[in-house]
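# An overview of the molecular structure
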Amino acid sequence: DTAVSQTPKYLVTQMGNDKSIKCEQNLGHDTMYWYKQDSKKFLKIMFSYNNKELIINETVPNRFSPKSPDKAHLNLHINSLELGDSAVYFCASSLTDSPLHFGNGTRLTVT
Amino acid sequence: AQRVTQPEKLLSVFKGAPVELKCNYSYSGSPELFWYVQYSRQRLQLLLRHISRESIKGFTADLNKGETSFHLKKPFAQEEDSAMYYCALKRGATNKLIFGTGTLLAVQP
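Residues numbered from 1 in each chain as written. Chains lettered and ligands numbered in written order. Predicted model: local features only at pLDDT ≥ 70, side-chain atom pairs only at ≥ 80, totals over all residues. Heavy atoms only, no water.

### Brief notes about the overall build of chain A
How we decide: Secondary structure elements follow DSSP: runs of H or I of four or more residues count as helices, runs of E of two or more count as strands, with numbering from the N terminus. Radius of gyration here uses only the C-alpha atoms, and the compact-globule reference equals 2.2 Å multiplied by the residue count raised to the power 0.38. Any residue under 20% of the maximum accessible area for its type is buried, any over 50% is exposed, and the rest in between are partly exposed; the area is computed with a 1.4 Å probe on protein chains only. Whether two residues touch is decided by their heavy atoms; if any such pair falls within 4.5 Å, the residues are in contact. Computed with the Shrake-Rupley method and a 1.4 Å probe, the accessible areas treat only the protein chains shown as cover for residues. Positive: Lys, Arg. Negative: Asp, Glu. His and the chain ends are not part of the count. Taken as the charge location is NZ of Lys, CZ of Arg, CG of Asp or CD of Glu.
Looking only at helices and strands, chain A has zero helices and 11 strands in total. Its C-alpha atoms give chain A a radius of gyration of 13 Å, near enough to 13 Å, the size a compact globule of 111 residues would have. C-alpha atoms of chain A, sized along the principal axes, occupy 35 × 25 × 25 Å. Across the 111 residues of chain A, 45% fall into the buried class. Partitioning the intrachain contacts of chain A with sequence separation of at least 6 by distance along the chain shows that 53% fall at a separation of at least 24. Here chain A has roughly 5500 Å² of accessible surface; of this, 48% comes from carbon and sulfur atoms. Each charge sign in chain A was given a centre, from 12 positive and 11 negative side chains, and these centres are 7 Å apart.

See below:
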């Protein structure tokens, strides 16, 4: 099944913890992204990698660190989680200059 | 600064009524615009892009550079059209998408 898949689907954790969200795409795309959708449904890009190289790095706290071991994977590690990090995080991928394909999202709840 | 504005947070219409979801943008270059849709509990997916000039699920959108708009239209709304709709602007060569705040379309029976 060709898709962008991210795990876990739901993540509930306490403030101060460190957590990771994984993303994999088998579409043969060369660019991957992380977007954050807040409680008001506002979508904002966080990072983008092209062929394992960071090309977009928006104003995101450095507690957030993306890691791309290869073209098909882009993981998001978050240190010292805060209440305000609660959101839905979407992974996406694309070929250069083509529309994005999104994953199903990971709903992170920080308590 | 590049910006995408969707003035309506919620648009409620009856089945069979025409729908227009508004999108305005500000961008100094040559814009490339998209509409993405997110059905309940599903992933965000591309609905249409202005360069394709196609109609998807009965929806169309025309880029109006004079009015800097890219409104999404459908002549007769269906209940299954109920979803969150995002207008997005592609910025430059990085393939970075700037999204509007989204409009929730609710089609009543």
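### A word on the nonpolar core
The following threshold applies: Side-chain atoms within 4.5 Å link the members of a nonpolar core, which is a set of buried Ala, Val, Leu, Ile, Met, Phe, Trp, Tyr and Cys residues.
W35, L47, L48, F70, L72 and Y85 of chain B are the most contacted members of the largest nonpolar core, which totals 25 residues. For this core, the leading source of residues is strand β9 (residues 83-91) of chain B, giving four residues. Listed in part, the 19 residues of the second largest apolar core include L11, W34, M46 and Y89 of chain A.

### Considerations on the sheet that holds strand β8 (residues 72-74) of chain B
Backbone hydrogen bonds hold the strands of a sheet together, and the pairing may be parallel or antiparallel. All names here are of chain B. The criterion, for reference: For two strands to pair, DSSP has to find at least two bridges joining them.
Judged by pairing direction, the sheet is antiparallel, and its three strands sit side by side in the order β3-β8-β7 without closing on themselves. Each edge of the open sheet is held by one strand with a lone partner, namely β3 (19-21) and β7 (60-61). Bridging between β3 and β8 involves three bridges; their strand directions are antiparallel. Residue pairing in the sheet places L21 in a bridge with L72 of β8.

### A short note on the pattern of salt bridges
Residues and elements named next belong to chain B. In plain terms, the rule: Throughout this description, the term salt bridge denotes a Lys or Arg side-chain nitrogen within 4 Å of a carboxyl oxygen of Asp or Glu.
In the structure shown here, the tally under the stated rule is seven salt bridges over all chains. Of the charged contacts in the structure, one is a salt bridge between K73 and E20, with a shortest N-O distance of 3.7 Å. In this pair, K73 is assigned in strand β8 and E20 in strand β3, connecting sequence segments 53 residues apart.

### Quick look at the interface of chain A and chain B
What counts is decided by this rule: Buried area is calculated as the accessible area (1.4 Å probe) missing from two parts once they are joined, with the contributions of both summed. By the criterion applied in these results, polar contacts are pairs of N or O atoms within 3.5 Å in which, for protein atoms, one can donate a hydrogen and the other can accept it, and in which residues neighboring in sequence qualify only through two side-chain atoms.
Contacts between the two partners involve 24 residues from chain A, matched on the other side by 19 residues from chain B. Carbon and sulfur atoms supply 50% of the area that chain A and chain B bury against each other, a total of about 1800 Å² over both sides. For the chain A face of the interface with chain B, the top three residues by lost area are L43, P99 and F102 of chain A, together amounting to 28%. Our count for the contact surface shared by chain A and chain B stands at zero salt bridges. Applying the counting criterion to the chain A and chain B interface returns eight residue pairs in polar contact (both at pLDDT 80 or more). Going through the elements one at a time, β4 (31-37), β5 (43-50), β6 (53-57) and β9 (87-94) of chain A are the ones with two or more residues in the side of chain A that touches chain B.

The values reported here are purely geometric and, on their own, carry no functional implication.
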